[in-house]
Amino acid sequence: MTRPAGARASHRRPVAARLRGARGLVGWLFVAPALAFYAVFVLRPIALTFQYSLYEWDGIGPSTWVGLANFGKVFTDPDLYDSLINAVKLIVFFSAIPVLLGLAIAATIRRIAESRLALVARTVLFLPQVIPLVAAGIAWSWLLASTGVINQLLSLVGLGGITRAWLGDFSTALPAVGMIGAWVLLGLCTLLLLAGMSKIDPALYEAARLDGAGPWREFVSITVPSLRQEIAVCVTVTVIAALASFDIIYISTQGGPGNTTMVPGLQIYYLAFSEREVGMASALALVLMVLVIACALPIQWFTKEGER
Amino acid sequence: MITSGRESWTGRLLLIAMMAITLLPFLSLFVTALHPSGSYPAGLAWPADPQWGNFLAAFRAANMGELLKSSVLIVLGVVPISIVLATMAGFAIGHLRVIGGRVIFLLFVLGLTLPFEGIITPLYYQIRDMGLLNTRWAIILPLIGLFMPFSVFWMRAHFVNMPGELSESARMDGANVWQLFRRIHVPLAMPAISSLGILLFLWTWNQFLLAIVLVDDPTKRTMSGALGAFQGQWGTDIPLLCAGSLLILTPTLVIFLIFQRHFVKALLQGSLKG
C-alpha cells in the first residue's frame, strides 16, 4: 500500500473533492439509521429517567413534582442506600477475586503453555462466560443449598460444623452470591491476562532468570507491570458487572434474606414494577448510571495513560 | 524456559483444582437431573436408577421447542439489523470521516457502559405506548438500540484502520459511495463483522432483564428469560429444574464448543475494546 508521497498528493486533491459529498449528506445517511435506534431506545429513555426521577408517580395516575426528594431518599432510605453499599461490596468478589486468581492461573498456564492441560484449562475455564447467568444462578443455588454439594464436601473434610444454607443465611448470603459472580468472571479475566502475557518479550524473563530471579520476583517485576492495560480492562469489566448485577441475584436470592443481597439493579426492578414507585426507581437508576460511569472512566483513562 | 519440577507440579495442581470448581456446577446439575422427579436429592450422588426421561419431561414442561424457536427469531431480528446499521455507521464515522462524526461517536461511546437496569423503567412505558408489550419486537427493537454503542464502536475501530488509498482508487474508477461500501469495504470487514455477530448472538441469547420485564408470555421470550418463569413454576421440583437448566444452557455451550476459537477471540477483543 505504500506509494511515493508525490503520487499520493496528486491523487488526493480531486478525490478529496469528490469525497466531500460523502463526508456530508451521503455520509449522514449511513449514520442516521444507527443513530435513530440509539436515540429512540437509549437516549430518549435516559432523558425520561431524568424526568421521572423528579416526580412521584405510580405509573398509572397523575404524577406529582417532588424535585430532588427522590434522590434524597436514595441516600437516606436504608433499603435503597444499602443496595448501593451491597453493590460496592460485591466488587470485592466480582472483581478482586477473578483478577487476582486470574493472574495466578494465567501465569501458570503460560509456564506450561504447550501442554495439553493448558489447552483444556483455557476452554474449561471459559465455559461460565458463555452460558446464561440465569443458568449459573440456578446451578449454584442448588450447590449452595443446605443439602447441596458444597455442604457435602465440607462435611467430608471434617468441616460439618459450618454447613448451612449459604444463600439463606444473613451473614453468608452476600459472599455466596459474590462467589457465583467470581466463578462466572474468572475465565474471562484469565484469558484476557493470558493474551496480554503472550505479548511480553520472553527475553525479559530469560534475563531475569539469569539474574537469579525466582518465579515470584519474575511475576511481580515483569509480568504484572507489563499487564497494566489488561488488568485495567479486567477491573473495568468486572466492576461494572458487580455494580450492574441483576440476573444472578434475581435467580439465587431475590435480594434476600432480608435485604442482605439487594442490589440497585434488582431494587430498580422491584420499585418500578412491584411497588409502583417509578420516580424512586428512576432516581436510583440515575445514581447507578453515574456510579458505573464514575468507575469506568478513571480506569479507562489510566489505561490510555499507560499506552503513551 | 527453565522451570523447576516443583513449580510446574503446583501449577498443574492449581489448574486442575480451578477446572474442577468450574465444572462442579455442571456436574451437579447433571447428576441431580437424573434423580426421580419431585425428589430432593442430597449432593453429588449417582442415582440408583437414572431417570433419563427427566430431560424429555423438562423439554415438554418448559415447551422447549417453542422457546428455541422464539430465541432463534429474536436473534434473527437483532443480529442482522444491528450488524448492517453498525457497519454503515462505523464506515461513515471511521472511514468517510463524516462531518460531525467525532461528536456522534462520543455520543455513542457514552452508552458503552450503560447498565440496562438504568433505562428499563422508561423503556417499559415506551414499549407499552408503542403497543409492543408481549411481542418479540419488545425485545428485538430495544436490544438493537442498546447494542448499538458497542457495535458502532467495534465497526469504527475496524474502518479507522482501512487505508484511504483503497477508497480513492475505487472512486477514481467511478464507484459511488454505496458501491464503495458494498463491493470493497464490506467484504474486507468480514472478520470484524463475524466477531461482532458472535458477540451479539451470545448477548441476545442470554438476555434476561428485557425478557422478563417486557414480555409476559415465556414462549415469546429468550431462552434465559423463559428459564426465570420455569424456575418460578418448577422451583420445587429440583431434578426437573436442573434438567431444564441443562437444556437451556446446551445451545450456547454447543455453539461455543464448535466455534471456540472465534468465540474466545471475539469476547477478548470485545472486552479490550469496550
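- As annotated in an unreviewed UniProt entry, chain B carries the name Raffinose/stachyose/melibiose transport system permease protein and comes from Nonomuraea angiospora.
- According to UniProt, the comment filed for chain B under the heading Sequence similarities (unreviewed entry) is "Belongs to the binding-protein-dependent transport system permease family."

- Under an unreviewed UniProt entry, chain A has the name Raffinose/stachyose/melibiose transport system permease protein and belongs to Nonomuraea angiospora.
- UniProt annotates chain A under Sequence similarities (unreviewed entry) with the comment "Belongs to the binding-protein-dependent transport system permease family."
- Quoted verbatim from the Subcellular location (unreviewed entry) heading of the UniProt record, the comment on chain A is "Cell membrane".

## Focus: the overall build of chain A
No. 1: Broken down by element type, chain A carries 14 helices and two strands.
No. 2: The buried share among the 308 residues of chain A stands at 54%.
No. 3: Restricting the contact set of chain A to residue pairs at least 6 apart, pairs at least 24 apart contribute 66%.
No. 4: Of the roughly 13,600 Å² of accessible surface on chain A, 66% is carried by carbon and sulfur atoms.

## Regarding helix α6 (residues 133-143) of chain A
No. 1: Counting buried positions along α6 of chain A gives 10 out of 11 residues, so the element sits mostly inside the fold.
No. 2: Among all positions in α6 of chain A, only Val134, Ala135, Ala136, Gly137, Ile138, Ala139, Trp140, Ser141, Trp142 and Leu143 of chain A are buried.

## Overview of the UniProt feature "transmembrane region" (unreviewed entry) in chain B
Residues and elements named next belong to chain B.
No. 1: UniProt tags residues 12-34, 72-96, 103-125, 137-155, 188-215 and 238-259 as "transmembrane region" (unreviewed entry).
No. 2: In residues 12-34, helix accounts for 96% and strand for 0%; the two terminal C-alpha atoms are 32 Å from one another.
No. 3: For residues 72-96, the helix share is 100%, the strand share is 0%, and the end-to-end C-alpha distance is 34 Å.

## A short note on the interface of chain A and chain B
It is common to give the size of an interface as the accessible area that goes away when the parts come together.
No. 1: Chain A puts 102 residues into the contact, and the matching count from chain B is 102 residues.
No. 2: Overall, the association of chain A and chain B removes approximately 9,200 Å² of surface from exposure, summing both partners, and the carbon and sulfur fraction of that is 76%.
No. 3: The largest per-residue losses of area from chain A upon contact with chain B belong to Phe30, Phe41 and Trp142 of chain A, which jointly make up 9% of the total buried on that side.
No. 4: There are 11 residue pairs in polar contact (both at pLDDT 80 or more) connecting chain A and chain B.
No. 5: Considering each element in turn, the side of chain A that touches chain B owes the most residues, 21 residues, to helix α2 (residues 25-53) of chain A.

## Some words on the packing of aromatic side chains
No. 1: Here the structure, examined in full by the defined rule, presents 35 aromatic pairs over all chains.
No. 2: When the centroid spacing of 5.9 Å and the interplanar angle of 55° are considered together, the rings of Tyr269 of chain A and Phe273 of chain A count as tilted. Of the two residues, Tyr269 of chain A and Phe273 of chain A are both situated in helix α13 (residues 264-273); the distance of four residues between them amounts to about one turn of the helix. Grouping residues by exposure puts Tyr269 of chain A and Phe273 of chain A together as buried.
No. 3: Ring geometry for Phe30 of chain B and Trp46 of chain B: centres 6.5 Å apart, planes at 45°, overall tilted. Here Phe30 of chain B is found in helix α1 (residues 5-33), whereas its partner Trp46 of chain B is found in the loop between α1 and α2 (53-61), with 16 residues between them in sequence.
No. 4: A relative accessible area of 30% places Phe30 of chain B in the partly exposed class.
No. 5: A residue is classified by how much of its surface remains accessible, and Trp46 of chain B, at 53% relative accessible area, is exposed.
No. 6: Chaining the aromatic ring pairs together yields one cluster made of Tyr52, Trp57, Phe246, Tyr250, Tyr269, Tyr270 and Phe273 of chain A together with Tyr124, Tyr125 and Phe208 of chain B.
No. 7: When the ring centre of Tyr205 of chain A is taken as origin, the NZ or CZ atom of Arg110 of chain A, which lies over that ring, is 4.0 Å away.
No. 8: Over the ring of Trp166 of chain A we find Arg164 of chain A; its NZ or CZ atom is 5.1 Å from the centre of that ring.

## Thoughts on a nonpolar patch on the surface
No. 1: Residues Leu153, Leu156, Val157, Leu159 and Ile162 of chain A make up a contiguous nonpolar surface patch of roughly 490 Å² in combined accessible area.
No. 2: Looking at the secondary structure, you find Leu156 of chain A in helix α7 (residues 149-156).

## A closer look at unusual backbone geometry
Residues and elements named next belong to chain A.
No. 1: Note the cis peptide between Gly256 and Pro257, where omega equals -5°.
No. 2: Relative to the helices and strands, Pro257 resides in the loop between α12 (247-252) and α13.
No. 3: One non-glycine residue, Gln254, adopts positive backbone phi at about 55°.
No. 4: Structurally, Gln254 is set in the loop between α12 and α13.

## Observations regarding the packing of helix α6 (residues 137-160) of chain B against helix α9 (residues 190-205) of chain B
Two quantities define a packed helix pair, namely the angle between the axes and the distance from one axis to the other.
All names here are of chain B.
No. 1: Between α6 and α9, the shortest axis-to-axis distance is 11 Å and the interhelical angle comes to 155°. With respect to each other, α6 and α9 are oriented roughly antiparallel. Two packed elements cross with a definite hand, and for α6 against α9 that hand is right-handed. When α6 is examined against α9, the residues Leu143, Phe147, Phe150, Ser151, Trp154, Met155 and His158 are found in contact with a partner set consisting of Ala192, Ile193, Ser195, Leu196, Leu199, Leu200, Trp203 and Thr204.

Cut-off values and rules
- Residues numbered from 1 in each chain as written.
- Chains lettered and ligands numbered in written order.
- Predicted model: local features only at pLDDT ≥ 70, side-chain atom pairs only at ≥ 80, totals over all residues.
- Heavy atoms only, no water.
- UniProt positions renumbered as here; feature names shortened; annotations may be inferred.
- Helix = DSSP H or I, 4+ residues; strand = E, 2+ residues; numbered from the N terminus.
- Buried < 20%, exposed > 50% of the residue type's maximum accessible area, 1.4 Å probe, protein only.
- Contact = heavy atoms within 4.5 Å.
- Areas by Shrake-Rupley, 256 points an atom, 1.4 Å probe, with all protein chains shown as cover.
- Buried area = accessible area lost by both parts, 1.4 Å probe.
- Polar contact = N/O pair within 3.5 Å; in protein donor to acceptor, adjacent residues only side chain to side chain.
- Phe/Tyr/Trp six-rings, centres within 6.5 Å; stacked < 30°, edge-to-face > 60°.
- Lys NZ or Arg CZ within 6 Å of the ring centre and 35° of its normal.
- Patch = residues over 30% accessible without salt bridge, like charges linked within 9 Å, V, L, I, M, F, W, Y side chains within 5 Å.
- Salt bridge = Lys/Arg side-chain N within 4 Å of Asp/Glu carboxyl O.
- Axes fitted to C-alpha atoms, helices over the stretch in contact; angles between N-to-C directions.
- Parallel < 35°, antiparallel > 145°, perpendicular 65-115°, else oblique.
- Left-handed = near helix turned anticlockwise from the far one by under 90°.

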